[in-house]
Amino acid sequence: MNVGSGSAKGADPEPMIEMNMTPLIDVLLVLIIMMIITIPRQNHSVNLNMPVGKPPPKVEEPQVVTIDVDFDGTILWNGQAIPDRATLEAKMNETAAMANQPEVHLRPNKLVEYKVVAGVMATAQRLGVTKIGMVGNEQFQ
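This is a predicted model, so every value here is computed, not measured.

**Here we look at the side chain of Asp68**
So, step 1. By the secondary structure assignment, Asp68 is in strand 1 (residues 64-69).
So, step 2. On the accessibility criterion, Asp68 (5% relative accessible area) is buried.
So, step 3. Within polar-contact distance, the side chain of Asp68 engages the side chain of Arg107 at 2.6 Å.

What follows is the structure, given as structure tokens:
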């Protein structure tokens, strides 16, 4: 079967000008295999320096003091109403004087004026209470 341009009979057929791709593909496959072999294997681990020996002794649970500030400005120390600012300062002095200070959880009502809460925090800071934090208060909200 002659597939050509339809030239006259007896004329020389046109030379084939397409390149033979088989050797080129073979060389590329060999290069890919060599590259795969020579690439260092990736290590997906992390080296950690783990502690050796006995674990440290368990830390005792911290003592917690809860200060609630009600919507009308009433201050409660562990559920007991504080009658005046002097009593609050006396209790804060006792807390600050302890060697291992307890955690003070301040739980203000969302309706209370900010100046009352700011006054409690300022008193704690002035008297040296270091472990104080605001805590969400589901009971008073």
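Back to the text.
**Comments concerning the pattern of salt bridges**
Pairing between side chains becomes possible if they bear opposite charge and their charged atoms approach one another.
So, step 1. Per the stated rule, a full pass over the model turns up 3 salt bridges.
So, step 2. For Arg126, the salt bridge is made with Glu89, and the minimal N-O distance between the two is 3.0 Å. Of the two residues, Arg126 is situated in helix 3 (residues 114-127) and Glu89 in helix 2 (residues 85-97); the sequence distance between them amounts to 37 residues.

**Some points on the sheet that holds strand 5 (residues 132-134)**
So, step 1. In space, the 5 strands of this open sheet follow the order 3-2-1-4-5, with mixed pairing throughout. Every other strand in the sheet has two partners, leaving strand 3 (80-82) and strand 5 as the edge strands with one partner each. Direction aside, the axes of adjacent strands within the sheet are offset by 30° on average.
So, step 2. Those strands touched by helix 2 are strand 1, strand 2 (75-77), strand 3 and strand 4 (103-108), and its axis lies near 35° from that of strand 2.
So, step 3. Running at roughly 170° to strand 4, helix 3 makes contact with strand 1, strand 2, strand 4 and strand 5 of the sheet.

Conventions and cut-offs
Residues numbered from 1 in each chain as written. Predicted model: local features only at pLDDT ≥ 70, side-chain atom pairs only at ≥ 80, totals over all residues. Heavy atoms only, no water. Helix = DSSP H or I, 4+ residues; strand = E, 2+ residues; numbered from the N terminus. Buried < 20%, exposed > 50% of the residue type's maximum accessible area, 1.4 Å probe, protein only. Polar contact = N/O pair within 3.5 Å; in protein donor to acceptor, adjacent residues only side chain to side chain. Salt bridge = Lys/Arg side-chain N within 4 Å of Asp/Glu carboxyl O. Pairing = 2+ DSSP bridges. Axes fitted to C-alpha atoms, helices over the stretch in contact; angles between N-to-C directions. Contact = heavy atoms within 4.5 Å.

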